[in-house]
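Observations on the model geometry
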Amino acid sequence: MKKLGIYVHIPFCEKKCHYCDFTSITGNNEIIRNYVNALVKEIRLYKVHSTDYLVDTVFIGGGTPSAIDEYYIRDILDEIRNYFILEENCEISIEVNPGTIDKKKILSYKDAGVNRISMGIQSMKANELALLGRIHNPEDVTKSIQIVKEAGINNINGDLMFGLPHQNIDSFIESLNEVIQLNLTHISMYGLIIEEGTLMNYWYKKGLINLPDEDDERTMYHHGRRILEEHGFKQYEISNFSIPDFECRHNIGYWKLKPYLGFGISAHSNIDSKR
Ligand SMILES: C[S@@+](CC[C@H](N)C(=O)[O-])C[C@H]1O[C@@H](n2cnc3c(N)ncnc32)[C@H](O)[C@@H]1O
Ligand code: SF4
């Protein structure tokens, strides 16, 4: 049977970060409920593919999937199981934000089949997180990782950003080393992109923030790669590093042009030679 990836987009966040142009808004209960109801209907429409494919990865991304009540995530995964065949060791990832999780939520995800957590850490410096408009501080990151591990989910990614306003090479390396100390299986390291229409773009154009120059930004990336490799993380994509056998299978699927279905606003699919 052919293998299939499923992506589900949850377009809600507690607060919009200053740099982010992803499809996400700060929803209210009614919008979130209506959205999940529509999402579930959309999943049912794709039943036609269910007999031809075996689902080996599911990725619930956003936005911030952990910003909505956990029972919605369970409902979505139940619906996927009702309409598709999932491989026994299917990789099921969910993106979370450190400011939005607690033990109950993580245990509920685990119970619903989630076996991989991707956490947006971005930086371990309080001043950098504040400039990014994040809702959490470095201590929340440490606590959240502990909660995930205590719940028994040990396949964890952390997103880290570099080239941030007022960041220097040393402060980036300190953040990276702190993230490495968290003993994660995967680290994504993204260079900041100043996106049109964001508050950060406005600040940048007005000269209100200083960014590291191009040489420093590149030095951060190359130092980051070297430090990660020294700690056993192998680079398998431009921005992705993992310890052996913990590459994100869902992500690799995109690069290998494996078929996938995307559900929800802004999600796209690539199946039966059609995009
Ligand atoms: C959907 S978010 C991850 C989950 C959650 N929404 C959060 O931010 O904690 C995906 C990741 O994309 C990265 N990202 C978003 N906007 C970016 C930008 N303008 N430049 C570089 N990386 C960006 C961040 O590292 C972020 O964690
Ligand atoms: S970075 Fe994550 S939490 Fe921040 S606005 Fe974008 S999707 Fe939401």
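Here the residue index of a chain counts from 1 through its sequence in written order. Here the convention is simple: chains get letters from A, ligands get numbers from 1, in the order in which they are written. Per-residue local features are limited, in this predicted model, to residues with pLDDT of at least 70; the limit for side-chain atom pairs, both in listing and counting, is 80 or more; totals at the level of whole chains, interfaces and linings are taken over all residues. Where side-chain values are given, they derive from all heavy atoms of the structure, hydrogens and water being excluded.

Points about the pattern of salt bridges
Pairs may arise between side chains of opposite charge once their charged atoms sit close together. Applicable threshold: Salt-bridge detection follows one rule: a side-chain nitrogen of Lys or Arg within 4 Å of a carboxyl oxygen of Asp or Glu. In DSSP terms, a helix is any run of H or I states spanning at least four residues, a strand is any run of E spanning at least two, and both are numbered starting from the N terminus. A 1.4 Å probe rolled over the protein chains alone gives each residue an accessible area, and that area as a share of the maximum for its type sets the label: buried under 20%, exposed over 50%, partly exposed in between.
Inspection of the entire model under this criterion finds 10 salt bridges. For D56, the salt bridge goes to K258, with nearest N and O atoms at 2.6 Å. On the criterion of sequence distance, the pair formed by D56 in strand β2 (residues 53–62) and K258 in the loop between α9 (249–255) and β9 (260–263) is long-range, its members being 202 residues apart. Residue D56 is classed as buried on the basis of its relative accessible area, which comes to 10%. Its salt-bridge partner being D111, residue R74 comes within 3.0 Å of it at the nearest N-O pair.

Examining the layout of surface pockets
Inclusion rule: Using a grid of 1 Å spacing that covers the protein atoms alone, one calls a set of points a cavity when a 1.4 Å probe fits there but cannot get out, and a pocket when the set is open and has protein on both sides within 12 Å along at least five of seven lines; lining residues are those with an atom within 4 Å of a point. Grid points are joined across faces, edges and corners, and a volume is the space filled by probe spheres set on the points. Under the scheme applied, nonpolar residues are Ala, Val, Leu, Ile, Met, Phe, Trp, Tyr, Cys and Pro; charged residues are Asp, Glu, Lys and Arg; polar residues are all the others, including Gly.
Roughly 1,200 Å³ of internal volume is contained in the largest pocket. Lining the largest pocket are 46 residues, and of these F22, G62, E95, D159 and Y190 lie nearest its centre. Looking at the lining of the largest pocket, the elements with two or more residues in it are β1 (2–10), β2, β3 (85–96), β4 (116–122), β5 (156–162), β6 (186–191) and α9. In this model, the second largest pocket occupies a volume close to 150 Å³. Forming the walls of the second largest pocket are F12, C13, E14, T26, G27, N29, I32, A67, I68, D69, Y71 and Y72. Secondary-structure elements contributing two or more residues to the lining of the second largest pocket are α1 (29–45) and α2 (70–83). Across the lining of the second largest pocket, the residue classes tally to 7 nonpolar, 3 polar and 2 charged.

Describing the nonpolar core
Using the following cut-off: As used here, the term nonpolar core means buried Ala, Val, Leu, Ile, Met, Phe, Trp, Tyr and Cys residues forming a set that is joined through side-chain atoms within 4.5 Å. Between two residues, a contact is recorded if the distance between any of their heavy atoms is within 4.5 Å.
By size, the foremost hydrophobic cluster in this structure holds 62 residues, and its most contacted members are I6, V8, V58, L77, I80, F84 and I117. Broken down by element, the residue count for this core peaks at 6 residues, all from α1. Excluding anything up to four places from it in sequence, I117 contacts I94, V96, I106, Y109, V148, I153, N155, I156 and N157. Within the second largest apolar cluster, 10 residues are counted, among which are C17, Y19, M200 and W203.

Describing the site of ligand 2
How we decide: Any residue with at least one heavy atom within 4 Å of a molecule or strand is counted as near it.
Close to ligand 2 lie C13, K16, C17, Y19, C20, G63, T64, N97 and R134, which account for all nearby residues. Its residues assigned to classes, the shell around ligand 2 comprises 4 nonpolar, 3 polar and 2 charged.

Some thoughts on a nonpolar patch on the surface
Rules: Patch criteria: residues need more than 30% relative accessible area and no salt bridge. Like-charged residues are merged within 9 Å; nonpolar side chains of Val, Leu, Ile, Met, Phe, Trp and Tyr are merged within 5 Å. Only the protein chains shown count as cover for residues, and all accessible areas are computed by the Shrake-Rupley method using a 1.4 Å probe.
The grouping of L199, Y202 and L208 at the surface amounts to a nonpolar patch, some 310 Å² of accessible area in total. Tracing the chain through its elements places Y202 in helix α7 (residues 199–205). Accessibility expressed as a relative area gives 46% for Y202, which makes it partly exposed.

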